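Residues per chain, in single letters:
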Amino acid sequence: MTNNYEIRRAIVDDVDSIYNLTNSMAAQGLMLTRSKYKIVTSLSSFFVVIDSESGKVIATGSLATLWTDLCEVCALAVHPVWQGKGVGRALVEQLIEEARRLRMPQVITLTYQVEFFKKLGFEVRDKNEFPRKLWRECLECPKLENCDETAMVISI
Ligand SMILES: CC(C)(COP(=O)(O)OP(=O)(O)OC[C@H]1O[C@@H](n2cnc3c(N)ncnc32)[C@H](O)[C@@H]1OP(=O)(O)O)[C@@H](O)C(=O)NCCC(=O)NCCS
């Protein structure tokens, strides 16, 4: 296996791969489950990482626009075989680049992966600083009032 990969915007052919990758992580409690409906209806916000050798999707992530001054990195998942090889970093950097293109001043994430996001320049922030109305995904989460994820923000 080589470590060559490319990052590109998701297309409709990627939906099953995004669904399988994110939901396999969700089954381990690492992230929220996602329906195919939800993936399809937000497909334009998704990027995928493709293994150059096999052509398969090895990672996925999306950049949701929450408001005029805030984007959210979500649905971030790197296939276990590819973890620890810089793929997650490259993908988040691409999502930040996309936020820059949109002229968004800040990017937020709600995560269990605090050390990973610290390495990328995100800082821990109090969730209460961000109005509940911004958290679309929270309304679908069984933990709603008992969220144990950490809010982290990067100014760009
Ligand atoms: C978290 C995740 C996206 C990281 O992607 P990755 O490709 O494995 O990470 P990278 O190899 O790009 O790591 C970048 C840096 O973060 C560090 N890092 C990655 N995961 C880490 C962790 N769990 N704890 C501490 N540091 C971590 C790496 O050591 C690396 O540091 P370096 O630049 O000093 O060498 C990936 O492990 C994953 O998909 N996990 C399961 C799903 C998940 O938790 N998603 C996040 C939902 S918000």
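Residues numbered from 1 in each chain as written. Predicted model: local features only at pLDDT ≥ 70, side-chain atom pairs only at ≥ 80, totals over all residues. Heavy atoms only, no water.

Trainee: Explanation requested: the environment of Lys56 in the structure shown.
Mentor: In this fold, Lys56 is placed in the loop between strand E2 (46-51) and strand E3 (57-67). Exposure remark for Lys56: the relative accessible area of 57% places this residue in the exposed category. Beyond its immediate chain neighbours, meaning those up to four positions away, Lys56 contacts Val49, Ile50 and Asp51. (Helix = DSSP H or I, 4+ residues; strand = E, 2+ residues; numbered from the N terminus. Buried < 20%, exposed > 50% of the residue type's maximum accessible area, 1.4 Å probe, protein only. Contact = heavy atoms within 4.5 Å.)

Trainee: Just checking my understanding: could you explain helix H1 (residues 15-26) for this structure?
Mentor: Since one α-helical turn is 3.6 residues long, residues separated by three or four positions face the same way. Here H1 contains twelve residues, and its C-alpha end-to-end distance of 16 Å stays within 8% of the 16 Å for a straight helix at 1.5 Å per residue. Along H1, the positions that sit buried rather than exposed are Val15, Ile18, Leu21, Thr22, Asn23, Met25 and Ala26. The secondary structure elements touched by the buried residues of H1 are helix H2 (36-41), E2, E3 and strand E4 (70-78). (Expected span 1.5 Å × (residues − 1).)

Trainee: What is the right way to read the sheet that holds strand E6 (residues 123-125) from this model?
Mentor: Remark on secondary structure: sheet strands pair via backbone hydrogen bonds, oriented parallel or antiparallel. The seven strands lie next to each other as E1-E2-E3-E4-E5-E7-E6, forming an open sheet whose pairing is mixed. Looking along the sheet, the strands with just one partner apiece sit at the ends: strand E1 (5-9) and E6. Strand-to-strand, the axes of this sheet are offset by a mean angle of 30°, without reference to chain direction. Where strand E5 (residues 106-111) lies against strand E7 (residues 150-155), six bridges are found, and the strand directions are antiparallel. Looking across to E7, one finds that Thr111 is bridged to Thr150. Of the strands in this sheet, E1, E2, E3, E4, E5 and E7 touch helix H3 (residues 87-101), which is tilted by about 30° from E3. (Pairing = 2+ DSSP bridges. Axes fitted to C-alpha atoms, helices over the stretch in contact; angles between N-to-C directions.)

Trainee: Whenever I open this one, the site of the ligand confuses me. Can you help?
Mentor: Around the ligand sit 17 residues in total, of which Leu76, Val78, Gly86, Gly88 and Arg89 are the nearest. Here an oxygen atom of the ligand and a backbone polar atom of Gly88 are 2.7 Å apart. Its free accessible area being 910 Å², the ligand has 73% of it covered by the protein chains. The set of elements that each furnish at least two residues to the shell around the ligand consists of E4, H3 and helix H4 (114-119). Split by residue class, the shell around the ligand holds seven nonpolar, six polar and four charged. (Near = heavy atom within 4 Å. Polar contact = N/O pair within 3.5 Å; in protein donor to acceptor, adjacent residues only side chain to side chain. Areas by Shrake-Rupley, 256 points an atom, 1.4 Å probe, with all protein chains shown as cover. Nonpolar A, V, L, I, M, F, W, Y, C, P; charged D, E, K, R; others polar.)

Trainee: What should I look at first to understand unusual backbone geometry in this one?
Mentor: Trans peptide bonds make up most of the peptide bonds, and negative phi angles are found at most residues other than glycine. Look at Ala75: it is not a glycine, yet its phi comes out positive at around 55°. Tracing the backbone through its elements, the reader meets Ala75 in strand E4. Located in the positive-phi region is Arg103, a residue other than glycine, with phi close to 65°. Turning to its location among the elements, Arg103 is positioned in the loop between H3 and E5. Here Arg103 falls in the exposed class, since its relative accessible area comes to 68%.

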